[in-house]
Amino acid sequence: MSFVLHGRHYRSPRGPTAVVCVDGLDPAYLDAALARADVPTLATLAAEGRLGVARGAMPSFTNPNNASIVTGAPPAVHGISGNHFLDAEGREAPMSRREHLWGDTILDALADQGVRVLAITAKKKLTELLAPRGGHAFSIEAPSEQGLSLLRRARPDLDPSQVAIYSDEASLAVLDAGLCALSCGEAELVYLSTTDYVQHKHGPESPEALAFVEALDRRLAALEAMGARYVWTADHGMNDKTQADGSPKVVYLEAALAAAFGDTAACRVLLPITDPYVVHHGALGSAATVYCPPETRDAARAALRALEGVEDVLTRDEAAERLALPSARIGDLFVLADARTVLGRAPEKHDLAEVSVGLRSHGGLHETRVPWLSDRAIDPSLELRNADAFWWALS
């Protein structure tokens, strides 16, 4: 059986199939593990041309990129422009409800054809956004009865109620439950999306990160032993965003606009990284969107472009065209930081207690580089994107 979605052709799976989004897995983590850790499966993939690099969508946040993976399309098509946006009434709101997606997902189409589809996420915020119509979905943060059953079968040593979302175990539980669902025939295809707690808190060469990648390698080995078709990729990379003393390197956009115009109400800053997981990033990422009255737009753009750490400021139309963003869901200006800088609103509007030292974050162009791991050799002539994962796994 085959189907067409958002202009692309797909086939139903012909055996156990997994598409995995390892949240925040910058390729640097795999490079470090290959050099320093015990990762025999990764080493085999690298030697056989099955380990490579792809590109993610902008902004390089969780929701837009998970949506791109499950639709096979960019944000301009699926409509998810960030983790957070201004709704139709002009209120800031999470962009995590299924109604926010423009159109169906690949999971929907597969479930419609009778394929047993299961989506498992670490973060509760993704469950509703990704839940396949006619299929099943649950999060490790708030598991269903089906989820609890799978976790208990996969890991008898693990008490699911004790798995903290701010831990490496939350990600490993996603993978273990998905592997169990495939091996026991409870699902023919799984979409698995982890959490990036480890990568937010630890650099690629840290003992914690190396141990985490070793644990990922063991799950990869299980998929290989199963003979599954699979693609592992990521939603975004990760970079250090600190000053020389380890404190966050932040450019506060509202403060800069107030200094330029004397009235913060003239322009409204929205941070699309915003979500419930402030321990990860303190709502500080490397992309922001700004709403301005027409008469101040050019001046605001010039003022923001002059800030140290700001790499570019695009107009709404430029951002939509260059970054494949939905113009109706971004501001008048789209601000991009450099690789070492994050963007905030004003100091008093961020709780930095959990990220006061060693902030690692994402959101800009410098975090769109993501890994690509597959059961088959990668065609070097292809410029892969994480949105190609299902196309590749089902081709």
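Quick note: structure is the one above.
No experiment lies behind these values; they were computed from the predicted model shown. (Residues numbered from 1 in each chain as written. Predicted model: local features only at pLDDT ≥ 70, side-chain atom pairs only at ≥ 80, totals over all residues. Heavy atoms only, no water.)

Draft legend 1. Representation of the overall build of the protein. Helix and strand counts for the protein come out as 15 helices and 19 strands. A compact globule built from 395 residues would reach a C-alpha radius of gyration of about 21 Å, and the protein, at 20 Å, matches this within 12%. Projected onto the principal axes, the alpha-carbon positions of the protein cover approximately 65 × 45 × 45 Å. Of all 395 residues assigned to the protein, the portion counted as buried reaches 58%. Sequence separation of at least 24 residues holds for 72% of the intrachain contacts in the protein that already meet a minimum separation of 6. Of the roughly 14,800 Å² of accessible surface on the protein, 50% is carried by carbon and sulfur atoms. Treating the 37 positive side-chain charges of the protein as one cloud and the 52 negative ones as another, the clouds have centres 3 Å apart. (Helix = DSSP H or I, 4+ residues; strand = E, 2+ residues; numbered from the N terminus. Rg over C-alpha atoms; globule rule 2.2 N^0.38 Å. Buried < 20%, exposed > 50% of the residue type's maximum accessible area, 1.4 Å probe, protein only. Contact = heavy atoms within 4.5 Å. Areas by Shrake-Rupley, 256 points an atom, 1.4 Å probe, with all protein chains shown as cover. Lys, Arg positive; Asp, Glu negative; His and termini not counted. Charge placed at Lys NZ, Arg CZ, Asp CG, Glu CD.)

Draft legend 2. Seen up close, the pattern of salt bridges. On inspection of all chains with the given rule, the structure shows 33 salt bridges. Between arginine 50 and glutamate 48 there is a salt bridge, with its nearest N and O atoms 2.8 Å apart. Residue classification places arginine 50 among the buried positions, given a relative accessible area of 7%. Exposure remark for glutamate 48: the relative accessible area of 45% places this residue in the partly exposed category. Taking the shortest distance from any N to any O, the salt bridge between aspartate 157 and arginine 155 comes out at 3.1 Å. (Salt bridge = Lys/Arg side-chain N within 4 Å of Asp/Glu carboxyl O.)

Draft legend 3. Highlighting the pairing of strand E10 (residues 229-233). Buried residues dominate E10, accounting for four of its five residues. Across five bridges, the pairing between strand E3 (residues 17-21) and E10 is parallel. Across the sheet, the residue bridging to valine 20 is tryptophan 232, located in E10. Pairing between E10 and strand E19 (residues 369-374): two bridges, direction antiparallel. Within E19, the position partnered with valine 231 by the bridge is serine 374. (Pairing = 2+ DSSP bridges.)

Draft legend 4. Layout of unusual backbone geometry. In this structure, the amide linkage connecting methionine 58 to the following residue, proline 59, adopts the cis form with an omega of -10 degrees. Counting through the fold element by element, proline 59 comes out in the loop between strand E4 (51-55) and helix H3 (62-71). With a phi close to 50 degrees, histidine 6 is a non-glycine residue in the positive phi region. We classify histidine 6 as partly exposed; its relative accessible area is 32%.

Draft legend 5. Local environment of helix H13 (residues 297-305). Ala300, Arg301 and Leu304 are the residues of H13 that are buried. Relative to the axis of H13, the buried residues are bounded by an arc of 100 degrees and lie together on one face. Contact partners of the buried residues in H13: helix H11 (253-261), strand E14 (287-291), strand E15 (310-315), helix H14 (316-323) and strand E16 (333-337). (Arc of directions from axis to C-beta.)

Draft legend 6. Up close: the pairing of strand E7 (residues 117-121). For E7, a buried count of five out of five residues is recorded, marking the element as mostly surrounded by other parts of the structure. Residue alternation in E7 divides its side chains into two sets, Val117, Ala119 and Thr121 and Leu118 and Ile120, and both sets are buried. Strand direction decides the pairing type here: E7 and strand E9 (residues 189-193), joined by five bridges, are parallel. Note on E9: the bridge partner recorded for isoleucine 120 is leucine 192. Alignment of E7 against strand E8 (residues 136-139), held across four bridges, turns out to be parallel. Pairing of isoleucine 120 across the sheet is with phenylalanine 138, part of E8. With helix H6 (residues 124-130) bridging E7 and its parallel neighbour E8, the resulting β-α-β unit is right-handed. (Right-handed = clockwise from strand over helix to strand, strands pointing away.)

Spatial relationships are all this shows, so hold off on functional conclusions.
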